[in-house]
Amino acid sequence: MHLLGPLFLLLGCLASSDSRNWIFKHPNTLYAWEGTCIWIPCHFTIPGNGDSLKNLTVYQHFDYDDNAKRYHGTVLYETADMMLPVRQDRVQFLGDRRSNCTLLIRPVKAQDTGKLGLRMTSVQGSKWMQEMHLNVSETALPPHIELPPDIRELETVTLTCRLNFSCFEYQIKLQWSLEDLPLPPAVTSTSLTTQTVYTQSQLTFQPQWTHHGKNLTCWLWKDMADGSLSQETVRLDVKHRPKLKTEVILRESIVTLKTEVSPEEVIVTLGDSVTMTCLVISSHPEYQTISWLKDGMIQRRELWQREKTLKLTLDRVTRSMGGKYRCEAHNEVGVGVSEVDLQVHYAPEPSEVQIHPSPAQEGNTVTLTCISQASPPPTNYTWYYNKDTILNRTDKSFQIPEVLLSHAGSYSCLAQNSLGLGQLGQEAELDVQYSPKEVTTVIQNPTPIREGDDVTLSCNYTSSNPSVTRFQWKPQDSWKELLPGVVMIQKVPWNAGPFSCAACNQWCSWGLPVSLQVQHAPKGVEVLLLSPRSEIHSGHSVLLQCKFSSSLPTDVRFLWKKNGTFLKEGRELSFGSIAPEDAGTYNCLVSNSVGQSMSEARVLQVLYAPRRLRVSISPKDGVTEGKKAVLTCESDANPPVSHYTWFNRKNQNLHHDHQTLRLDPVKIQHSGAYWCQGTNKLGVNQSLPSTLTVYYSAQTISKRVALGLGLCLAVISLVFSGLKFYYGWKRTQSQQGLQENSSGQSFFVRNNKVRRAPASDGPHPLGCYNPVMEDAISYATLRFPVGENDTPRTGGAGTPEARRPSLHRDNTVTYSVVQKRQVGDYENVTPDVPEDDGLHYSELVHLGFRERPLRQEEVDYVTLKH
């Protein structure tokens, strides 16, 4: 019968061998018990594309009829074209036409155990028979407990209780118990997948050594009122180190101790007997050795024995026997320990005083402690200072908040406990130490001290505990130490000090600083410009002050220098209206009885508008046309002239703004006066005119000489023609007058005129010499006014006509000079004959017949030049 199932499956496969294999996923066997339900998770895949489920038949206990070529069995569910209801009788189809073939069978019966077949046909005609197995018991299935292979105390473990059953329509619960011992809550989970179907509960906890050998049960429950359905029980195997118990026998009394963490205290009196017994109450696996130890030293050791005990006896207990005793038992898991703190009581021993800190520094807090070995510890203390009782001091320690020198001395104490008084021990000495007292810095030089002197300083103090070992100085430097505490400052600077010293043992005490009062010449001398605060302009009021930073003695004298020359005395130097000439370098000298110091040079700049402008011409004696002339505008200004303007003789602006005016080439028309104007930010000024003389060049002179000669010849010709006509007419008129009226007389005077030669070292005039200018006629008339008392004068011939005035003649004297032209007089050429022959003609006529009074004669002189 067992072979029928595989045979039927083989026949089913052969029957459907004409189709390609369908793919199914579902649990192979599903478990349940009668009255419950079975939830069958199922998934299928139809070969081909786009095919879907058409018909489904669920067979129970099926087989294949090879003759009829069909399956036979109990039909639990059947549907065609998937149109019928999804639930038929006990079976419910929970899937779909594409991939889900999940089924629910409720309720199940014990006879449902066996094969279950799903006969499926697709829309495209593909067929398949899928087989699965049901295992349905009459009673509830027992759960299964899974334990880890090794369980040790205090190590976290997880225990699992699993039941291969789960159905949403039948809820169950799993519960843990450990012989009524408390357990932490468990975690329940359910799995309904195509791989597994189960319900499980996991218990995580730390087992104790007391759990060893206990029964652990997992219960299956449906309803708490109906009781449990099934259960499974296992025995816990918890490995643990040995667990010990200690018994101490004192004077026939037994003290039982159980210790795991801290030692138990047992009190005995000095001289008593004590027996301590160590008992192994549990060990898994069994212990190997058991020992008694004191302060890490083995007192007794034995191997495993059936009694599982080890005793340690102490006869006549002494103080040294007191302490911590330890019982140890070993197995492969670890070491079990039990401890006993054996306290041996005795009266206080001779006491000892501890001083902290020792030695003590003055002013600090000091703590005194009485140390006395006693058990139980002392409860009362008596303190002594220099063998005298210190009142109100009964504690083990007391403090001196600020220790003084008066606290120094011997201290002792006496301790007392419940067993009696102790004894006085050795006295302790309180040593109060302090830094050096009354430290002073002493100047050993005679005063006063001058800059550059060598100064000796000493550091003095009155007392010190401990002794002074070193000295310190401020300011720190490499002073020359003559003796401990005595230093020499070589070539002391003017600003030295103040100085202070410290005498040091473990601590240093500083004395008050002392000042050397070093006398020195004035320092930090400088010149300050008090006013004005900005630029200094000509005409401003200026105030300078001499300042210094230090001088000892303070009585000083001030001197001023300008450009290195002594100027005046006094702290301040003022200018009511400063002039450009006041600009320069100023120094201030400050002196006292030690010496003098001079300030750095202070340059005083005075700003002023342009002045003293003049035009300098190069070359200065004149320039020949065609050459180069350079005119420079020289000025005095601060700041320097920033803009120049040039003007010519006609006051025309030449629109040239540079300091130098260049005329290249220079022309005759450039001759004349030039002046310039200078401008800076403070004002404008101009120069006086300067004349530029431009001489003709040789070429120009040649051209003009030729033109001048022509003009000169023309003028000379006209002059001679005129003179000839004039003299002819004049002789005619003179002859007629002489014959008729004249009683005068005519004469000729030859004038020897000497021509001056030009100076040889002076500049020679250039141009054309005109001889007509020298051939001139000088004409003069002498008039003699006639008075009322004029007497007739006797004529030269003595005729009567001579004694009366003529009615037709003028009472005049005519004087004429005719000068001849000299041939060859040209261009600064001195004539060979130094004299000119001039023809002088004069006519003297006496006016009136009476004597003329003596009076000054008037002379009119006229020169006509042609």
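Residues numbered from 1 in each chain as written. Predicted model: local features only at pLDDT ≥ 70, side-chain atom pairs only at ≥ 80, totals over all residues. Heavy atoms only, no water.

Enquirer: Could you give an account of the sheet that holds strand 45 (residues 500-504), with specific residues and numbers?
Expert: Taken in spatial order, the three strands make up an open sheet running 42-45-46, and their pairing is antiparallel. A strand with exactly one partner marks an edge of an open sheet, and here the two such strands are strand 42 (470-474) and strand 46 (508-510). Taken over all neighbouring pairs, the strand axes of this sheet differ in orientation by 25° on average, direction set aside. In this structure, strand 45 lies alongside strand 46, joined through three bridges in antiparallel fashion. What sits directly across from A503, in strand 46, is S509. (Pairing = 2+ DSSP bridges. Helix = DSSP H or I, 4+ residues; strand = E, 2+ residues; numbered from the N terminus. Axes fitted to C-alpha atoms, helices over the stretch in contact; angles between N-to-C directions.)

Enquirer: Explain the pattern of salt bridges to me, using residue names and the numbers behind them.
Expert: Counted under the stated rule, the structure contains 23 salt bridges. Between K387 and E427 there is a salt bridge, with its nearest N and O atoms 3.1 Å apart. Here E427 lies in the loop between strand 36 (420-421) and strand 37 (428-430) and K387 lies in the loop between strand 32 (380-385) and strand 33 (388-390), a separation of 40 residues in the sequence. For E427, a relative accessible area of 32% translates into the label partly exposed. With a shortest N-O distance of 4.0 Å, E526 and K547 are connected by a salt bridge. (Salt bridge = Lys/Arg side-chain N within 4 Å of Asp/Glu carboxyl O. Buried < 20%, exposed > 50% of the residue type's maximum accessible area, 1.4 Å probe, protein only.)

Enquirer: Give me the lowdown on the side chain of T645, citing residues and values where you can.
Expert: Within the element layout of this structure, T645 appears in strand 60 (residues 643-647). Other than its neighbours up to four places away in sequence, T645 contacts N653, H656, W675, C676 and Q677. (Contact = heavy atoms within 4.5 Å.)

Enquirer: Explain the environment of D477 residue by residue, including any values.
Expert: Positionally, D477 belongs in the loop between strand 42 and strand 43 (480-483). The spatial distance from the C-alpha of D477 to the C-alpha of I489 is 9.3 Å, given a sequence separation of 12 residues. Polar side-chain contacts of D477 include one of 3.4 Å to the side chain of S478. (Polar contact = N/O pair within 3.5 Å; in protein donor to acceptor, adjacent residues only side chain to side chain.)

Enquirer: Mind laying out the side chain of E328, listing which residues take part and the relevant values?
Expert: Its location among the elements puts E328 in strand 27 (residues 323-330). When its relative accessible area of 15% is taken as the criterion, E328 is described as buried. At 2.5 Å, the side chain of E328 forms a polar contact with the side chain of R326. Excluding anything up to four places from it in sequence, E328 contacts L244, T289, I290, S291, L293, V335, G336 and V337.

Enquirer: Would you mind going over the sheet that holds strand 15 (residues 173-178) in detail, with residue names and values included?
Expert: Read across the open sheet, the three strands follow the order 15-18-19; overall the sheet is antiparallel. Bordering the open sheet on either side are strand 15 and strand 19 (227-235), each of which pairs with just one other strand. Taken over all neighbouring pairs, the strand axes of this sheet differ in orientation by 20° on average, direction set aside. In this sheet, strand 19 lies alongside strand 18 (residues 215-223) in antiparallel orientation, the contact comprising eight bridges. Counterpart to L216 in the pairing with strand 19 is V234.

Enquirer: Pulling in residues and values, what's your account of the nonpolar core?
Expert: In this structure, W33, I40 and M120 are the most contacted members of the largest nonpolar core, which totals 55 residues. Among all residues touching M120, those that are not within four sequence positions of it are W22, F24, F44, L53, N55, L56, C101, S126, K127 and W128. The next biggest cluster of nonpolar side chains, apart from the first, holds 22 residues, and it includes L244, L312, Y325 and V340. (Core = buried A, V, L, I, M, F, W, Y, C linked by side-chain atoms within 4.5 Å.)

Enquirer: Describe the state of the cysteines, with residues and values.
Expert: Formally, a disulfide is one covalent bond, and it connects the sulfur atom of one cysteine to the sulfur atom of another. Under the criterion given, the structure shown has nine disulfides. Shown here is the disulfide that connects C37 with C167, its sulfur atoms set 1.9 Å apart. Disulfide C37 to C167: torsion about the S-S bond roughly -125°, handedness left-handed. Within this pair, whereas C37 is found in the loop between strand 2 (29-33) and strand 3 (38-40), its partner C167 is found in the loop between strand 14 (157-163) and strand 15, the two being separated by 130 residues in sequence. (Disulfide = S-S within 2.5 Å.)

Enquirer: Run through the packing of aromatic side chains, naming residues and quoting values.
Expert: A complete count under the given rule lists 21 aromatic pairs for this structure. Centre to centre, the rings of Y385 and Y411 are 4.8 Å apart; their planes meet at 40°, and the pair counts as tilted. In this pair, Y385 sits in strand 32 while Y411 sits in strand 35 (residues 409-417), placing the two residues 26 residues apart along the sequence. On the basis of relative accessibility, which here comes to 23%, the residue Y385 falls in the partly exposed class. A centroid spacing of 6.5 Å and a plane angle of 45° characterise the contact between Y461 and F471, whose relative ring orientation is tilted. A residue pair is termed long-range when its members are at least 10 positions apart, and Y461 in the loop between strand 41 (455-460) and strand 42 and F471 in strand 42 qualify at 10 residues. For F471, a relative accessible area of 22% gives the class partly exposed. What links up through ring pairs into an aromatic cluster is the set Y59, F62, Y64 and Y71. Just above the ring of F62 sits the side chain of K115; from NZ or CZ to the centre is 4.5 Å. (Phe/Tyr/Trp six-rings, centres within 6.5 Å; stacked < 30°, edge-to-face > 60°. Lys NZ or Arg CZ within 6 Å of the ring centre and 35° of its normal.)

Note that every value here comes from positions in space, so none of it alone points to a role or purpose.
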